[in-house]
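Tertiary structure, described
So you can see what is in the structure, the chains are spelled out below.
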Amino acid sequence: NQAIKFDPKLATAFSNRALIYYRMRQYDRAIADYTTEIKLRPTLLAYISRGNVYRDKDDLDKAIADFTAVVELVPDNATARHNRGMAYLLAGDLIKAVPDFDMALKLDPTALDGSAYTSLGALYYKVPGFPVGFGDDDKADKLLQQALKTLSAVGAPIQVRIGIHQGQVADDGPGVGTQPRIVGM
């Protein structure tokens, strides 16, 4: 707040305060500060950040609009593709979610610690298969296995428990470097 009082045109101060508000789940305040940041200094990160707040606030149309603005400016932004796919998924638009997750993986499979593998794998696992839907347990299994490999490769903490066919993905405890293992297969 002091930095903003000192210089009300300091975009970084609004960005930092917006992040604090976001972490405190004061979404309206975070959106207001990210919007001010965008007016002062429009950056891709500001749009992605505001989109994340809108998504977490369940204002999915606005989240999709912010992520789309980034995709239109920089089509090869894997984070924006993944986040937009997630917003589509939450909105129930699976047909639009899948291509964004696929593109995010093509652009950068390690973006967001490879979470596009997890998102897409869970989607293929949960959606019914042909002729009702496009679900595919084998494809889901491969994607979820790749998510675990990617998490291990980037050193991300493994804190997941996802059902895979007969087995479970388990973790050996919290922390960086934890090795995932499949149990009950």
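In this report, we go over the structure that sits alongside the text.

Examining the overall build of the protein
Looking only at helices and strands, the protein features 9 helices and 3 strands. Walking the protein from its N terminus toward its C terminus, one meets helices and strands in the order α-α-α-α-α-α-α-α-α-β-β-β. With 185 residues in all, the protein has 40% of them scored as buried. The contacts of the protein with a sequence gap of at least 6 include a subset with a gap of at least 24, amounting to 35%. As displayed, the protein offers around 10200 Å² of accessible surface, 54% of which is attributable to carbon and sulfur atoms.

So, the side chain of Asn 83
Looking at the element boundaries, Asn 83 is found in helix α6 (residues 78-91). On the accessibility criterion, Asn 83 (5% relative accessible area) is buried. Apart from the residues lying within four places of it in its own chain, the contact partners of Asn 83 are Ile 48, Asn 52, Arg 55, Phe 67 and Leu 112.

Here we look at the pattern of salt bridges
Side-chain pairing between opposite charges can occur once the charged atoms of the two side chains come close. Under the definition given, this model contains 9 salt bridges. One salt bridge in this structure joins Asp 59 and Lys 62, with 3.8 Å as the shortest N-O distance. Counted as one network, the salt bridges with shared partners bring together Arg 81, Arg 84 and Asp 100.

Some details on the packing of aromatic side chains
The description of an aromatic ring pair uses the distance of the two centres, along with the angle that the planes make with each other. Scanning the model with the defined rule gives 1 aromatic pair in all. Summarising the aromatic geometry, the rings of Tyr 22 and Tyr 27 are spaced 6.0 Å apart at their centres and angled 45 degrees between planes, so their arrangement reads as tilted.

So, the nonpolar core
Ranked by size, the top nonpolar core spans 31 residues in total, and within it Val 53, Leu 105, Leu 120, Leu 123, Tyr 124 and Leu 143 carry the most contacts. Aside from chain neighbours lying at most four places away, what touches Leu 123 is Leu 89, Leu 94, Val 98, Phe 101 and Phe 134.

Overview of the environment of Lys 126
Here Lys 126 lies in helix α8 (residues 115-126). Considered as a pair, Lys 126 and Ala 140 are 14 residues apart in the sequence and their alpha carbons are 8.9 Å apart.

Description of the environment of Asp 100
As for its position among the elements, Asp 100 is in helix α7 (residues 94-107). Separated by 17 residues in the primary sequence, Asp 100 and Asn 83 place their C-alpha atoms 8.4 Å from one another. Non-local contacts of Asp 100, meaning those with residues more than four positions away in its chain, are made with Arg 81, His 82, Arg 84, Gly 85 and Tyr 88. Reaching out from Asp 100, the side chain makes a polar contact with the side chain of Arg 84 at a distance of 2.6 Å.

Points about α7
The end-to-end C-alpha separation of α7 is 20 Å, in line with the 20 Å expected for 14 residues at 1.5 Å each. Within α7 the residues assigned to the buried category are Ala 97, Val 98, Asp 100, Phe 101, Ala 104 and Leu 105.

About the criteria used
- Residues numbered from 1 in each chain as written.
- Predicted model: local features only at pLDDT ≥ 70, side-chain atom pairs only at ≥ 80, totals over all residues.
- Heavy atoms only, no water.
- Helix = DSSP H or I, 4+ residues; strand = E, 2+ residues; numbered from the N terminus.
- Buried < 20%, exposed > 50% of the residue type's maximum accessible area, 1.4 Å probe, protein only.
- Contact = heavy atoms within 4.5 Å.
- Areas by Shrake-Rupley, 256 points an atom, 1.4 Å probe, with all protein chains shown as cover.
- Salt bridge = Lys/Arg side-chain N within 4 Å of Asp/Glu carboxyl O.
- Phe/Tyr/Trp six-rings, centres within 6.5 Å; stacked < 30°, edge-to-face > 60°.
- Core = buried A, V, L, I, M, F, W, Y, C linked by side-chain atoms within 4.5 Å.
- Polar contact = N/O pair within 3.5 Å; in protein donor to acceptor, adjacent residues only side chain to side chain.
- Expected span 1.5 Å × (residues − 1).

These figures capture arrangement, not role.
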